[in-house]
Amino acid sequence: MPTIYIDNKPYEVKAGKNLLEACLAQGVDIPYFCWHPSLGSVGACRQCAVKLFKDENDTQGRLVMSCLEGVRDGLRLSVNDKMAKAFREQIIEWLMTNHPHDCPVCDEGGSCHLQDMTVMTGHDYRHYDFKKRTYRNQYLGPLIHHEMNRCIQCYRCVRYYKDYAGGEDLNVFAANNKVYFGREKDGVLESPFSGNLAEVCPTGVFTDKTLKEHYTRKWDLTMAPSVCQHCSVGCNTIAGERYGELRVILNRYNGEVNGYFLCDRGRFGYEFVNDENRVKQPVIRNRTSEAVTEPELTTYLQTAMYNSKLIGIGSPRAAVETNFALQQLVGPGNFYKGISEDEAYLTNKVVRILETGTVHSASLKDIEQSDAVLILGEDIWNTAPMMALAVRQSVKKTAYSHAAEQSKLPIWHDAAIQEFVQEEKGFLANITVAGSPLDGIAAYTAYGAPDNLARLGFAIAHELNTSLPVVSNVDDDLINKAKSIAAVLLKAKKPVIVSGISCYSEGVIEAAFNIAASLNTAERKAAICYALPACNSMGLGMMNAPSFDHAVTRLQREQDMTVVIVENDLYRDISSSVLDTFFSKAANIIVLDSLHNRTTEKANVLIPAATFAEGDGTMVNYEGRAQRFFQVFMPANPFIRESWKWLKEMNLYKTQGSNGHNQPPEELLEKLESTSHQFEGISKVTPPHDFTIHGERIPREPHRYSGRTAMLANLNVSEPKPMQDNDSPLSFTMEGFKGIQPSIAIPFFWSPGWNSVQSVTKYQEEPGGHLRGGDPGVKLFHDRQGSEPSFFKGMPESFAERPEKWLVLPQYHVLGSGELSIYTKALEELTPSPSVSLSQQDANRLNVQNGDMLQVNADAKKYLLAVTINKNLCNGVVLVSAGLGEVEGMSWGSWVKVSRCE
Amino acid sequence: MISHVRTIWLTFLHLFTKKVTIEYPEEKVKLHPRWRGRIVLTKDPDGGERCVGCYLCAAACPVDCIALQATEDENGRRYPEFFRINFSRCIFCGFCEEACPTYAIQLIPDFEMGEYNRQNLVFEKEDLLINSEGKYPGYNFYKVAGINAGVKGKGEGEQEEAPVDIHSLLP
Ligand code: SF4
Ligand code: SF4
Ligand code: SF4
Ligand code: SF4
Ligand code: FES
């Protein structure tokens, strides 16, 4: 470890870093703008100047940009040097010559890096007497607001949007003193990662437009650590509330998962919490007055629970606690997963593979750091967006590290490395049914029907490990493809295989495992991951329970059953013909959910459930990482409670027990652990509810939270008692522990002098590294190095078209396919209309063109869908937009009839 | 003894000095313009609401008795959707006035706010907003801000140059 001298004090720092990172890691503050841990240094802003000395006798020194200077042993620098300080103050003053007088109406205010840095440098008086430069703004779509006058030309936005996220429609225009950051012309930002601009831009140029609708300053938010609910990646978020409404979702740094970023579905998909469509009142249907009071509901449930035969339908979007509480209520033999047999079977397959631990289950960080990625059969851009962003980083970073090796340039020297890299890319083989936006950076792409993708996978596996079966009836083309991919994978040191279940093929899952397991040797650490459909698909999949199809047969066999469905709109996953019969067979239907949907319509008893923002719970993401989300605010409506709380009460009615009210959620997790060994360790996901630091709880509100004695004064001038949280160590006040909160429970990032999101540096071991105290989350799958993999030997025959029938597969859309995110008006606006994709030849055969209407007959239902011709798609397969508009659950992977509408 | 006589004498002398007490409430006190009393929200010279809903007064308030919600009109002009001061908590410190970047919130020389019912001391925007510029005439924040809120277009402010032509490469 090199020692550097900062203002004559020795510090041990990590080699290979730049001075700015090194100083920040030591807690020495240097102002900066253009450098970002994920973007590296370019030296564009000149803000991070320090003085560098040749040796201890050098009194002159020279000014350098700390972000462009590497760490060397014995290096001497001064941050407090008079000239360096004056220089930095001058730089801010120059940056400010054109800065508008906007803070009061700027959404960045209060969490503005420019404000923080201005205060840090001490600049306070404007000497420049001339006029200010102005710009016109652009319309950038419903998610991001543009206010170009506030720009300080740090270039972070384009470096993030273009270089990091691969967007093509944001750029820098004009020249010299007039550079402009925006689009070529007004229009919606195309990248589904555009929301991060709001956090990356150190000023208020790019801000969250959905927040603007109900604007609240950071200091006024009640915040809690949360977990994104919109896909299986489980990005960590901070959710903020004011006046009983969820106002904003911000990134919560997790070095192993999402790092600094979120996708737009996750960032903006929060408005369902505030939606009109919320279930607000318990309802017992077929009565004169359906809305019932608490005592009426209790009486009803007491008899219902005590007297009836219960079966429970769980949900992949409900928390682990909720599914487990339901299983406890109905009994293990009566609990069903609430997903179709196919989905349950495939998820189970994934769980079994990961449980063996023969191949490491890849986190997003593992993907980013891998040096070769193979995607087999999953369109992760649309099903697990942040995973796609991680793959992109792997492709970029591999090329960067090659360049760094060859050129001896440090890897953080972004501009120089980029110049050196030119068009070189790391290895990505993107093998999908019909392509994805990642194809653009892939060294290798292949398309085909799922069976053929699986066969290609098995062929690769055979090339890697000749003891694995040869693929039968193959053409040379397939073998050659497999050979060339295998050759690159063999050269890699940390290859990652990415797959998933969305093409409904067992073979794809198995082939992916065979490849990963063949690559995994003592020298080469391979990793694998499978994207799953919903935020807690993994947590549900890990439970020992049959699929929904078994519940259907059960109801056909047995009469007088009461069905308890929790947080699951079954119509999204199961076809309506099956469901309608199912519901007609049930004697009584009790549904707990947060939003009205087609399933809640069927309920005889409907009970309002809390969303993630109003409750506590745990989710297990695709890699088997259990993550806890904390209640953000207590809803004013007393009926809105976590489903697991309702279910536990119902369990007490059933057993006629009287102990066990108001147990904290960790007790459920402990019980889960003791009954199901696969969940071992999950109770460590959260500190106990009575956890304190020096006797103090962790406040959800920043110390400058305002309006406490006025916000409810219109109702009653005497302030109510602060709300009590008995389920977690967080409190609903601004009093309590002040300081760096433990990584497992960070409600917001803040540090003295660092009001903006950049304060996250103070929470990390080093900038861009792990959070101090470890990145949150408990991994439930453990590597078992050296254990013999049990390879899959069977493989599908190659895909054969059928006359007049098409294999139907889901086409997911990053903004649109989410069940809950679609309640955000802005996302709804960006949702494509449902369509059916087919190959050019098939289109010719059916005599249709782009935009024509086709009729798809699936599961005894007819859909009229617009045609999209996809040139990558093979003949005999159609893709139907999943979860959009009228499209319900279909038997994906089955054969359907498609015909032209006359 | 001497002290008692002296006290009586001094008291007697006071009969002939000028009175400082007044016949309140028949006669009103004279207060300085900067006297910190009842809080009002003022309007700008063009009659628009001055408050831009920046939340700075609320943050500055040591007793947290200001609560508001910002919103925007169709031109993007920000103003408070509601603005509430709980005067039963207010300590008339004037911090809000000092924090306000737009001269919207001002403390005025009026202290006659006695109420029998504490609830009546909760003032909403309708109760706070006055049709005047108050102590600081002439200032309109939106004329000097960088945003276009329907008050002036980009580059039309006094200290602003015309918007940059981004298609030009000339210096
Ligand atoms: S970017 Fe920051 S400094 Fe500039 S107007 Fe906005 S809050 Fe103020
Ligand atoms: S728009 Fe923001 S991120 Fe982009 S250059 Fe300007 S200040 Fe930097
Ligand atoms: S939707 Fe998925 S990828 Fe996007 S932020 Fe949420 S968890 Fe992350
Ligand atoms: S400080 Fe002034 S402009 Fe800001 S919210 Fe308060 S009254 Fe309105
Ligand atoms: S941070 Fe070093 S020059 Fe911008």
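*Asks:* Report on the overall build of chain B, specifying residues and quantitative values.
*Replies:* A tally of helices and strands in chain B yields five helices and five strands. Traced from its N-terminal end to its C-terminal end, chain B shows the element sequence α-β-α-β-β-α-β-β-α-α. Taken along the three principal axes of its C-alpha coordinates, chain B extends 95 × 40 × 30 Å. Scored against the burial criterion, the 171 residues of chain B give a buried share of 43%. Taking the contacts inside chain B whose residues are at least 6 apart along the sequence as the reference set, 67% of them involve residues at least 24 apart. Surface exposure of chain B reaches about 10300 Å², of which carbon and sulfur atoms provide 57%. Across chain B, the 20 positively charged side chains and the 25 negatively charged ones have centroids separated by 9 Å.

*Asks:* Before we move on, can you summarise the overall build of chain A with the specific residues and values?
*Replies:* The helix and strand tally for chain A stands at 25 helices and 35 strands. For 902 residues, the compact-globule estimate of 2.2 N^0.38 gives 29 Å, and the C-alpha radius of gyration of chain A, at 28 Å, lies within 12% of that figure. Referenced to the eigenvectors of the C-alpha coordinate spread, the extents of chain A come out at roughly 90 × 80 × 55 Å. Going through the 902 residues of chain A one by one, you find that 64% of them count as buried. Considering only intrachain contacts with a sequence separation of at least 6, the fraction spanning at least 24 residues in chain A is 73%. When the 90 basic and 106 acidic side-chain charges of chain A are each reduced to a single mean position, those positions are 3 Å apart.

*Asks:* Can you explain the site of ligand 3? Please cite residues and give values.
*Replies:* Taken together, C228, H230, C231, V233, G234, C235, C263, G266, P385 and M386 of chain A form the complete shell of residues around ligand 3. Class assignment of the residues belonging to the shell around ligand 3 gives a composition of seven nonpolar, three polar and no charged.

*Asks:* An account of the site of ligand 4 is requested, with residue identities and associated values reported.
*Replies:* Taken together, 14 residues form the shell around ligand 4, and within it C51, C54, C57, C100 and T102 of chain B come nearest. Taken together, the residues of the shell around ligand 4 sort by class into 12 nonpolar, two polar and no charged.

*Asks:* Got a sec to walk through the nonpolar core? Specific residues and values, please.
*Replies:* Ranked by internal contacts, the top residues of the largest apolar core, which has 129 residues, are Y160, V233, I367 and M387 of chain A together with I66, F83 and I105 of chain B. Looking at which element gives the most residues to this core, the answer is helix α13 (residues 385–407) of chain A, with seven residues. Look past the residues within four positions of I367 of chain A in its chain and what remains in contact with it is A362, M387, A390, V391, S394, V496, C529 and Y622 of chain A. Grouped together as the second largest cluster of nonpolar side chains are 127 residues, L326, F335, W646 and Y812 of chain A included.

*Asks:* Quick rundown of the domain arrangement of chain A? Include the residues and the values.
*Replies:* Partitioning chain A into structural domains gives domain 1 (3–96), domain 2 (283–343 + 540–778), domain 3 (360–525) and domain 4 (806–900). Its C-alpha centre places domain 1 of chain A at a distance of 55 Å from the equivalent point of domain 4 of chain A.

*Asks:* Pulling in residues and values, what's your account of a nonpolar patch on the surface?
*Replies:* Nonpolar side chains collect at one region of the surface, where W9, L10, F12, L13, L15 and F16 of chain B lie side by side and expose about 660 Å² of accessible area between them. Mapping W9 of chain B onto the fold places it in helix α1 (residues 2–14).

*Asks:* Could you give me a rundown of unusual backbone geometry, with the residues and numbers involved?
*Replies:* Residue Y24 of chain B is joined to P25 of chain B through a cis peptide bond whose omega torsion reads 5 degrees. For P25 of chain B, the location among the structural elements is in the loop between α1 and β1 (39–41). Positive phi values are uncommon outside glycine, yet Y243 of chain A reaches one of about 50 degrees. Inspection of the secondary structure assignment puts Y243 of chain A in the loop between β11 (236–242) and β12 (245–251). By relative accessible area, which is 22% here, Y243 of chain A ends up partly exposed. Positioned with a positive phi, Y504 of chain A is a non-glycine residue whose angle comes to about 50 degrees. Checked against the element boundaries, Y504 of chain A lands in the loop between β20 (495–500) and α17 (506–519).

*Asks:* Please provide a residue-by-residue account of the pattern of salt bridges, values included.
*Replies:* The tally for this structure, following the rule as stated, stands at 54 salt bridges over all chains. Two residues, E506 of chain A and K349 of chain A, come together in a salt bridge whose shortest N-O distance is 2.8 Å. Of the two residues, E506 of chain A is situated in helix α17 and K349 of chain A in helix α10 (residues 341–356); the sequence distance between them amounts to 157 residues. K152 of chain B serves as the salt-bridge partner of E160 of chain B, at 3.3 Å between the closest nitrogen and oxygen. Overall, the relative accessible area of 7% leaves K152 of chain B in the buried class. Each of K14, K17, E21 and E766 of chain A takes part in a single network of salt bridges with overlapping partners.

*Asks:* Would you mind going over the side chain of S505 of chain A in detail, with residue names and values included?
*Replies:* Residues and elements named next belong to chain A. By secondary structure assignment, the location of S505 is in the loop between β20 and α17. Looking at S505, the relative accessible area reads 4%, which means it is buried. A distance of 3.3 Å separates a polar atom in the side chain of S505 from the backbone nitrogen of G507. Setting aside residues no more than four positions away along its own chain, S505 makes contact with L346, P450, D451 and A454.

*Asks:* Which residues make up the sheet that holds strand β5 (residues 76–78) of chain A, and what values go with them?
*Replies:* Residues and elements named next belong to chain A. Overall, mixed pairing links the five strands, which are arranged β2-β1-β5-β3-β4 in an open sheet. Strand pairing shows two members of the sheet lacking a second neighbour, β2 (9–12) and β4 (62–65), which therefore form its edges. On average, adjacent strands in this sheet sit at an angle of 40 degrees to one another, irrespective of strand direction. Where strand β3 (residues 49–53) lies against β4, four bridges are found, and the strand directions are antiparallel. When the sheet's bridge partners are listed, A49 is paired in β4 with M65. In this fold helix α2 (residues 82–96) packs onto β3, β4 and β5, with an angle of close to 155 degrees to the strand it touches most, β3.

*Asks:* Can you lay out the packing of helix α9 (residues 320–330) of chain A against helix α22 (residues 643–655) of chain A for me, pointing to particular residues and giving the numbers?
*Replies:* Residues and elements named next belong to chain A. The contact between α9 and α22 brings their axes to 8 Å, and the two run at 15 degrees. On the basis of their axis angle, the class for α9 and α22 is roughly parallel. For the pair α9 and α22, the crossing hand works out as left-handed. Judged by residue contacts, E321, T322, A325, L326, Q328, L329 and V330 of α9 engage S643, W644, L647, K648, M650, N651 and K654 from α22. Looking at side-chain class alone, the contact of α9 with α22 contains seven nonpolar, four polar and three charged residues.

*Asks:* Describe the interface of chain A and chain B, with residues and values.
*Replies:* At the interface, 50 residues of chain A touch 48 residues of chain B. When chain A packs against chain B, close to 3900 Å² is buried across both sides, 52% of that on carbon and sulfur atoms. Looking at the side of chain A facing chain B, the largest losses of area belong to V105, T134 and V717 of chain A, adding up to 15% of the total buried there. If you look at where chain A meets chain B, you find six salt bridges. The closest approach of N and O atoms between R78 of chain B and D107 of chain A, which form a salt bridge, is 2.8 Å. Where chain A packs against chain B, one counts 30 residue pairs in polar contact (both at pLDDT 80 or more). A per-class count over the side of chain A that touches chain B returns 20 nonpolar, 13 polar and 17 charged.

*Asks:* Describe the confidence of the model for chain B, naming the residues involved and giving the relevant values.
*Replies:* For chain B, the mean per-residue pLDDT works out to 93, and 100% of the residues sit at or above 70. The ipTM assigned to the predicted complex is 0.92, against a pTM of 0.94.

About the cut-offs
Residues numbered from 1 in each chain as written. Chains lettered and ligands numbered in written order. Predicted model: local features only at pLDDT ≥ 70, side-chain atom pairs only at ≥ 80, totals over all residues. Heavy atoms only, no water. Helix = DSSP H or I, 4+ residues; strand = E, 2+ residues; numbered from the N terminus. Buried < 20%, exposed > 50% of the residue type's maximum accessible area, 1.4 Å probe, protein only. Contact = heavy atoms within 4.5 Å. Areas by Shrake-Rupley, 256 points an atom, 1.4 Å probe, with all protein chains shown as cover. Lys, Arg positive; Asp, Glu negative; His and termini not counted. Charge placed at Lys NZ, Arg CZ, Asp CG, Glu CD. Rg over C-alpha atoms; globule rule 2.2 N^0.38 Å. Near = heavy atom within 4 Å. Nonpolar A, V, L, I, M, F, W, Y, C, P; charged D, E, K, R; others polar. Core = buried A, V, L, I, M, F, W, Y, C linked by side-chain atoms within 4.5 Å. Domains from an automatic or database assignment. Patch = residues over 30% accessible without salt bridge, like charges linked within 9 Å, V, L, I, M, F, W, Y side chains within 5 Å. Salt bridge = Lys/Arg side-chain N within 4 Å of Asp/Glu carboxyl O. Polar contact = N/O pair within 3.5 Å; in protein donor to acceptor, adjacent residues only side chain to side chain. Pairing = 2+ DSSP bridges. Axes fitted to C-alpha atoms, helices over the stretch in contact; angles between N-to-C directions. Parallel < 35°, antiparallel > 145°, perpendicular 65-115°, else oblique. Left-handed = near helix turned anticlockwise from the far one by under 90°. Buried area = accessible area lost by both parts, 1.4 Å probe. pLDDT = per-residue confidence, 0-100.

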